[in-house]
Amino acid sequence: MPHRASRRFPSAALLALCAALAAASGARAASRPAGARGAGPAPETTFQSRDRAAAPDYKEPWHLFGAPAEDTAAAQLSRAKRLEAEGRRSAARKAYDALVHNWGASPEAAEAQLRVAQLFEADGGREEAFREYQYWIERYAAGVPVEGATYEAAVAAQFALANALRAELGGGPLSPSAEMVASMYRHVVANAPDSPRAPEAVLCEGACYEADGAWAKAVNAYERLPSKYPGSALVADARYRSAACRYRLAKRYPNDEATLRNALETLRLALRTDPSHAGAAEARERAAELAARQSRLAFDRAAFYDRVRRDREASILAYGQFLEHFPNAAESERARERLGQLRAAER
């Protein structure tokens, strides 16, 4: 028989070493006092952990790859700053990150985490920068103050990063996803719901989905703005954008009367909110188009009972309802004439 190559399994010694390292790591974590290497805020599970723009997972200590070069957080911070001063920004960022991973609860960790975010931002890593800012906001913003850093400045940086990425949507296979950028705006609102920029962030979330053709999701965002921020100057814009998206949904599903009705009501609401809005003329045209289609569907339903089902009683009821709701529609005269014929035949 031909020789069969034997499988290569990890040696028993290697397996034993891995098990020993894991056990030692667990024991150190359990006995480590606050502020010692690896200690940090306890991991939290929130809705944001499922979001594409969420902060990175809780930064656990590194023992092999990426371990810090120094023995204390202060020395590691000095090393990272020295690397940054030398222009070695990638190395500096990794050194700052190693500090956060291994001395997460130290006074130096807040500054180091903020520099991780800022260096990603400076080097054009917008998605990574956003998530690292989020990590700083969630775990350090309320703790040890960092000179020159504020919560508001971090959220403002996130908003700027989201805007820069939104400008790249639809730019090809390497452009960011609409879902990811929309989730950034949700974080901006969650981080600072009372900020003057929060209504704009909600509007931008809707714009991301609208640009991607996800009109139902866009509607959800746009219609959240008037509900959450009724006094905002952007309410009219949100209603006109929502109406535009609902109009497109009504065009996509031409025989869905509920979708048609919702689109028409939203267009009329937008026109009542601001009749002089830049989008008012187009909204009026669309409202007229949908109203005509709505009356046509109602007339066709009555004609179906009349011509196909030949149900005189149902036809009389349907034509009567049509005339009640659409007395001036293009089909109204035909409906009155046919209703008169049906009623005369009953006598």
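Preceding this paragraph is the structure being described.
First, a word on scope: everything that follows refers to the structure included in this document.

**As for the packing of aromatic side chains**
Step number 1: Per the stated rule, a full pass over the model turns up two aromatic pairs.
Step number 2: With centroids separated by 6.4 Å and ring planes inclined at 45°, the aromatic side chains of Y135 and Y140 adopt a geometry described as tilted. Across the pair, Y140 and Y135 agree in class, each one buried.
Step number 3: Over the ring of F120 we find R93; its NZ or CZ atom is 4.1 Å from the centre of that ring.

**A short note on the side chain of E132**
Step number 1: Mapped onto the elements of the fold, E132 is located in helix α5 (residues 126-139).
Step number 2: Overall, the relative accessible area of 9% leaves E132 in the buried class.
Step number 3: When near neighbours in sequence (up to four residues on either side) are disregarded, E132 contacts P56, K59, Q113, V116, A117 and F120.

**Digging into the environment of R343**
Step number 1: Checked against the element boundaries, R343 lands in helix α14 (residues 332-346).
Step number 2: Sequence separation between R343 and R312 is 31 residues, and the spatial gap between their C-alpha atoms is 8.8 Å.

**Observations concerning the nonpolar core**
Step number 1: Y96, L99, Y133, W136, Y140, M184 and Y185 are the most contacted members of the largest nonpolar core, which has 61 residues in total.
Step number 2: No other element matches helix α4 (residues 107-122), which puts eight residues into this core.
Step number 3: Among residues more than four places away in sequence, those in contact with W136 are A110, Q113, L114, A141, V146, A149, T150, Y151 and A154.
Step number 4: The next biggest cluster of nonpolar side chains, apart from the first, holds 15 residues, and it includes A243, A280, A283 and L290.

**Observations concerning the state of the cysteines**
Step number 1: For the structure on display, the rule yields zero disulfides.
Step number 2: As a non-bridged cysteine, C208 has C204 as the owner of its nearest cysteine sulfur, 6.9 Å distant.

**Digging into the packing of helix α10 (residues 235-252) against helix α11 (residues 257-273)**
Step number 1: Two numbers describe how α10 lies on α11: the axes approach to 8 Å, and their chain directions differ by 155°. It follows from the interaxial angle that α10 and α11 lie roughly antiparallel. The handedness of the crossing between α10 and α11 comes out as left-handed. In contact with V235, A236, R239, Y240, S242, A243, R246, Y247, L249 and A250 of α10, α11 contributes T259, L260, N262, A263, T266, L267, L269, A270, L271 and T273.
Step number 2: Taken together, the residues of the contact of α10 with α11 break down into 13 nonpolar, five polar and two charged.

**Describing the packing of helix α2 (residues 73-85) against helix α3 (residues 89-102)**
Step number 1: Packing of α2 against α3 leaves a shortest axis separation of 8 Å and a crossing angle of 165°. Considered as vectors, α2 and α3 are oriented roughly antiparallel to each other. Every pair of crossing elements has a handedness; the one defined by α2 and α3 is left-handed. Of the residues in α3, those in contact with A73, Q76, L77, A80, K81, L83 and E84 of α2 are A91, A92, A95, Y96, A98 and L99.
Step number 2: Taken together, the residues of the contact of α2 with α3 break down into ten nonpolar, one polar and two charged.

**Points about α10**
Step number 1: If you check α10, its first and last C-alpha atoms are 26 Å apart, about what 18 residues at 1.5 Å a residue would give, namely 26 Å.
Step number 2: Among the residues making up α10, those that are buried are V235, A236, A238, Y240, S242, A243, A244, C245, R246, Y247, L249 and A250.

**Observations regarding the side chain of R246**
Step number 1: Relative to the assigned elements, R246 resides in helix α10.
Step number 2: With residues near it in sequence (within four places) discarded, R246 still touches V219, E223, N262, A263 and T266.

**Structural notes on the pattern of salt bridges**
Step number 1: Counted according to the given criterion, the structure contains 19 salt bridges.
Step number 2: The residue R186 makes a salt bridge to D51 at a minimum N-O spacing of 3.9 Å. Highlighted residues: R186 in helix α7 (residues 178-191) and D51 in the loop between α1 (12-31) and α2, separated in sequence by 135 residues.
Step number 3: Under the relative-accessibility criterion, R186 is labelled partly exposed at 23%.
Step number 4: A relative accessible area of 13% places D51 in the buried class.
Step number 5: Between E282 and R286 there is a salt bridge, and its shortest N-O distance comes to 3.3 Å.

So, how was this worked out
Residues numbered from 1 in each chain as written. Predicted model: local features only at pLDDT ≥ 70, side-chain atom pairs only at ≥ 80, totals over all residues. Heavy atoms only, no water. Phe/Tyr/Trp six-rings, centres within 6.5 Å; stacked < 30°, edge-to-face > 60°. Buried < 20%, exposed > 50% of the residue type's maximum accessible area, 1.4 Å probe, protein only. Lys NZ or Arg CZ within 6 Å of the ring centre and 35° of its normal. Helix = DSSP H or I, 4+ residues; strand = E, 2+ residues; numbered from the N terminus. Contact = heavy atoms within 4.5 Å. Core = buried A, V, L, I, M, F, W, Y, C linked by side-chain atoms within 4.5 Å. Disulfide = S-S within 2.5 Å. Axes fitted to C-alpha atoms, helices over the stretch in contact; angles between N-to-C directions. Parallel < 35°, antiparallel > 145°, perpendicular 65-115°, else oblique. Left-handed = near helix turned anticlockwise from the far one by under 90°. Nonpolar A, V, L, I, M, F, W, Y, C, P; charged D, E, K, R; others polar. Expected span 1.5 Å × (residues − 1). Salt bridge = Lys/Arg side-chain N within 4 Å of Asp/Glu carboxyl O.

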